[in-house]
Amino acid sequence: MSEILQYIPGASLLHRLSPVTKLLMVILIVAMSVLTPSLIFLGGLILAIFLGAVLSGMHREIYNQVPFLIILGLFLLLITTLTVHGGETFFTIIPEGIPVIGGGLPVTEGGLGLGLLFTFRFVVMILSFQLFIVTTRPSELVTSLLAFRMPVDYILMFLIALRFIPSLQLEAKRIHEAQVSRGYNPGSGVIGRVRSLRPIIIPLVANSLAKTQVLGLTLDMRGYRSKKTLPLHALEFHKRDGVALFLLAMVILAFIYHHLA
């Protein structure tokens, strides 16, 4: 199982772009995904992100997240469809012939359309952010966030939370392997997977709390409270950054034309 939200070294075009350029691209892509009501445009953004993943050699990392995105996307689609009603009713989950509750949980045109819109937006945001993280060094990530005048305290919290995700993933894998080696057999299927989470979550939470204490002591020992500034990587822009921003400008123009034409 590969780590999620973890930088992967490489020499692709996306790796060599300035971190500020990549962060600006992510911000504008997410903004367009939030503003657009068009499923066609959102589908085009998803294809563009996959193309960027192929060009950067990160397509396997993106493909590994597809099952996760499908599960969460279907869950989001189901919740939105069943809770939002409007327009024509296609069918009802509960048949009308059942007494009292018959005809309940209708699937309407408005609920289904809004669910698809939210699902596509979710996929665009997750994929663009994932592609940005796996192609950007943590030091470059700090530089890009500082370039946008983000407070240092918030940058530190963001990076710690970001680094804890793959750390917790590996820790959960080790705990699961330890439980299996001791003969624990939760069973198979969905019920077995749910049961297998119980002996993992408790030690995982306990270990995470212990790590937070160590992290706090480490920050104090390294003089974080002294607020001293450290030298960071200088920002460098090249022709490839200009080309990337030009392509992004074309996407923005397509966004404007698609919604105003």
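What counts and how
Residues numbered from 1 in each chain as written. Predicted model: local features only at pLDDT ≥ 70, side-chain atom pairs only at ≥ 80, totals over all residues. Heavy atoms only, no water. Core = buried A, V, L, I, M, F, W, Y, C linked by side-chain atoms within 4.5 Å. Buried < 20%, exposed > 50% of the residue type's maximum accessible area, 1.4 Å probe, protein only. Helix = DSSP H or I, 4+ residues; strand = E, 2+ residues; numbered from the N terminus. Contact = heavy atoms within 4.5 Å. Polar contact = N/O pair within 3.5 Å; in protein donor to acceptor, adjacent residues only side chain to side chain. Salt bridge = Lys/Arg side-chain N within 4 Å of Asp/Glu carboxyl O. Expected span 1.5 Å × (residues − 1). Arc of directions from axis to C-beta.

(A) Molecular detail of the nonpolar core. With 23 residues, the main nonpolar core has Met32, Leu45, Ile49, Val124, Leu127 and Leu131 as its most contacted residues. When residues of this core are traced back to their parent elements, those giving at least two are helix H2 (19–35), helix H3 (39–55), helix H6 (109–134) and helix H10 (239–260). Among residues more than four places away in sequence, those in contact with Val124 are Ile29, Ser33, Leu42, Leu45, Ile46 and Ile49. Membership of the second largest hydrophobic core comes to 10 residues, among which are Val26, Val142, Ile155 and Leu162.

(B) Structural context of the side chain of Ser38. By the element assignment, Ser38 lies in the loop between H2 and H3. Overall, the relative accessible area of 13% leaves Ser38 in the buried class. Of the polar contacts made by the side chain of Ser38, one reaches the backbone nitrogen of Phe41; its length is 3.2 Å. The residues contacting Ser38, other than those within four sequence positions of it, are Leu117, His258 and His259.

(C) The arrangement of the pattern of salt bridges in detail. Applying the stated criterion across every chain, the model contains 1 salt bridge. Among the ionic pairs, Arg137 bridges to Glu140, the shortest N-O distance being 3.2 Å. For Glu140, a relative accessible area of 16% corresponds to the buried category.

(D) Fine view of the environment of Thr135. Note that Thr135 resides in the loop between H6 and helix H7 (138–147). Among the residues examined, Thr135 registers a relative accessible area of 2% and is labelled buried. The residues touching Thr135, leaving out its near neighbours within four places in the chain, are Tyr7, Leu14, His15, Lys22 and Met58. A polar atom in the side chain of Thr135 sits 3.4 Å from the backbone oxygen of Phe132.

(E) Here's a closer look at helix H5 (residues 66–83). Here H5 contains 18 residues, and its C-alpha end-to-end distance of 25 Å stays within 8% of the 26 Å for a straight helix at 1.5 Å per residue. All of the buried residues along H5 are Leu69, Gly73, Leu77, Thr80 and Thr81. With its buried residues spanning 95 degrees around the axis, H5 presents them on a single face. Turned more than 90 degrees from where H5 packs its buried face, Ile71, Leu74, Phe75 and Thr83 sit exposed. Where H5 is buried, its residues meet strand S2 (106–108) and H6.

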